[in-house]
Amino acid sequence: ALCPGAEFGEARRWPAEHYAKVAELKIRAGWQVWLFGSKNDHPGGEDLRMRLIPGLREECTNLSGATSLAEAIDLLSCAGAVVSNDSGLMHVAAALNRPLVAVYGSTSPQFTPPLAEQVEIVRLDLDCSPCFERTCRFGHYNCLRELKPRPVIEALDRLVADPVEVE
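All figures in this text were calculated on a predicted structure; none of them were measured in a lab. Every chain begins its residue count from 1, and numbering advances along the sequence as written. Totals for whole chains, interfaces and linings use all residues, but because this is a predicted model, local features are given only for residues with pLDDT of at least 70 and pairs of side-chain atoms are given and counted only at 80 or more. To obtain the side-chain values, all non-hydrogen atoms of the structure were used and water was disregarded.

Caption draft 1: Structural view of the overall build of the protein chain. Within the protein chain one finds 6 helices and 6 strands. Reading the helices (α) and strands (β) of the protein chain from amino to carboxyl end gives β-α-β-α-β-α-β-α-β-β-α-α. Every radius of gyration here is taken over C-alpha atoms, with the globule rule written as 2.2 Å times N^0.38, N being the number of residues. For 167 residues, the compact-globule formula gives about 15 Å, and the C-alpha radius of gyration of the protein chain, at 15 Å, lands near that figure. If one aligns the C-alpha atoms of the protein chain with their principal axes, the spans along those axes are about 40 × 35 × 30 Å. Whether two residues are in contact is decided by their heavy atoms, any of which lying within 4.5 Å being enough. Restricting the contact set of the protein chain to residue pairs at least 6 apart, pairs at least 24 apart contribute 59%. Within the structure as shown, the protein chain displays about 8,100 Å² of accessible surface, and the carbon and sulfur contribution to it stands at 51%. All tallies of charge rest on Lys and Arg as positive and Asp and Glu as negative; His and the ends of each chain are not included. Positions of charges follow a simple convention, taking NZ of Lys, CZ of Arg, CG of Asp or CD of Glu. Taking the 17 positively charged and 23 negatively charged side chains of the protein chain as two groups, their mean positions are separated by 3 Å. Secondary structure elements are taken from DSSP: a helix is a run of H or I of four residues or more, a strand is a run of E of two residues or more, and numbering for both begins at the N terminus. Each accessible area is a Shrake-Rupley estimate made with a 1.4 Å probe; only the visible protein chains count as cover when residues are assessed.

This is the structure in structure tokens:
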């Protein structure tokens, strides 16, 4: 399960192209990928899906805005693993004790940690973060853009024994 949205704003959203790389590698390893979020996250989920080549795209289902919260919780409980921004769904995945990779940008895991046993936190320790802002005061969002897929995939592989080769 991928949870690429965040109601708080862009400063909590890891880029779609990075999520797409995670999706691509897991699909190539035989996984199915589900995207979760609100109705507002649906276009971002479609952007993520469209970054996948045909053949892989069909293994990625955008459920953003298509489920109630109760249905999303039920489906997340079935997920083999979850990658999420610091968001409400990250806390839901933690409460369900799903293997979870939590991606932090403008926020801090010291203030809003996922409370679970199977968690890997991935973040860059930039001088400007955590800033706790909805928009980047410098306009670059480097706390998320410069956080490449490799450390997220490696964290996921540590949680779930299915290592994938990362370019």
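So, next bit.
Caption draft 2: Quick look at the nonpolar core. As used here, the term nonpolar core means buried Ala, Val, Leu, Ile, Met, Phe, Trp, Tyr and Cys residues forming a set that is joined through side-chain atoms within 4.5 Å. Working definition: with a 1.4 Å probe on protein chains only, accessible area under 20% of the residue-type maximum means buried, over 50% means exposed, and in between means partly exposed. Ranked by internal contacts, the top residues of the largest apolar core, which has 28 residues, are L2, W14, V22, L48, V83 and V152. Counting only elements with at least two residues in this core, the list comes to α1 (16-28), β2 (33-35), β5 (100-103), α5 (142-145) and α6 (149-159). The element contributing the most residues to this core is α1, with 7 residues. Setting aside residues up to four positions removed in sequence, V152 forms contacts with W14, V22, V83, V101, V103 and V122. Formed by 16 residues, the second largest nonpolar core is a distinct cluster that contains F36, A72, L76 and V92.

Caption draft 3: View of the environment of S108. Along the polypeptide, S108 turns up in the loop between β5 and β6 (119-122). On the accessibility criterion, S108 (4% relative accessible area) is buried. With 23 residues separating them along the chain, S108 and C131 place their C-alpha atoms 8.7 Å apart. When neighbours within four sequence positions are excluded, S108 is seen to be in contact with P130 and F132. In the analysis that follows, any N or O atom pair within 3.5 Å is treated as a polar contact, provided that within protein one partner can donate a hydrogen and the other can accept it, and provided that, for residues neighboring in sequence, both atoms belong to side chains. For S108, the side chain forms a polar contact with the main-chain nitrogen of Q110, separated by 3.0 Å.

Caption draft 4: Molecular detail of the environment of I73. In this fold, I73 is placed in helix α3 (residues 69-76). Along the primary structure I73 and I153 are separated by 80 residues, whereas in three dimensions their C-alpha atoms are 23 Å apart. When neighbours within four sequence positions are excluded, I73 is seen to be in contact with V92 and L96.

Caption draft 5: Summary view of unusual backbone geometry. Between S129 and P130 the backbone carries a cis peptide bond, its omega angle lying at 0°. A positive phi angle, near 55°, is found at N97, a position not held by glycine. Inspection of the secondary structure assignment puts N97 in the loop between α4 (88-95) and β5. Accessibility expressed as a relative area gives 27% for N97, which makes it partly exposed. Phi angles above zero are rare outside glycine, and Y141 is one such case at about 50°. Here Y141 lies in the loop between β6 and α5.

Caption draft 6: Spotlight on α1. Here the expected length of a helix is defined as 1.5 Å per residue gap, with one fewer gap than residues. Counted at 1.5 Å a residue, the expected span for α1 with its 13 residues is 18 Å, and the 18 Å between its end C-alpha atoms agrees. Judged by how many residues are buried, α1 sits mostly within the fold: 10 of 13 residues are covered. Here α1 has its buried residues at A16, H18, Y19, A20, K21, V22, A23, L25, K26 and I27. Among the residues trailing α1, G30 stands out with phi positive, at a value near 100°.

Geometric values such as these leave the question of function open.
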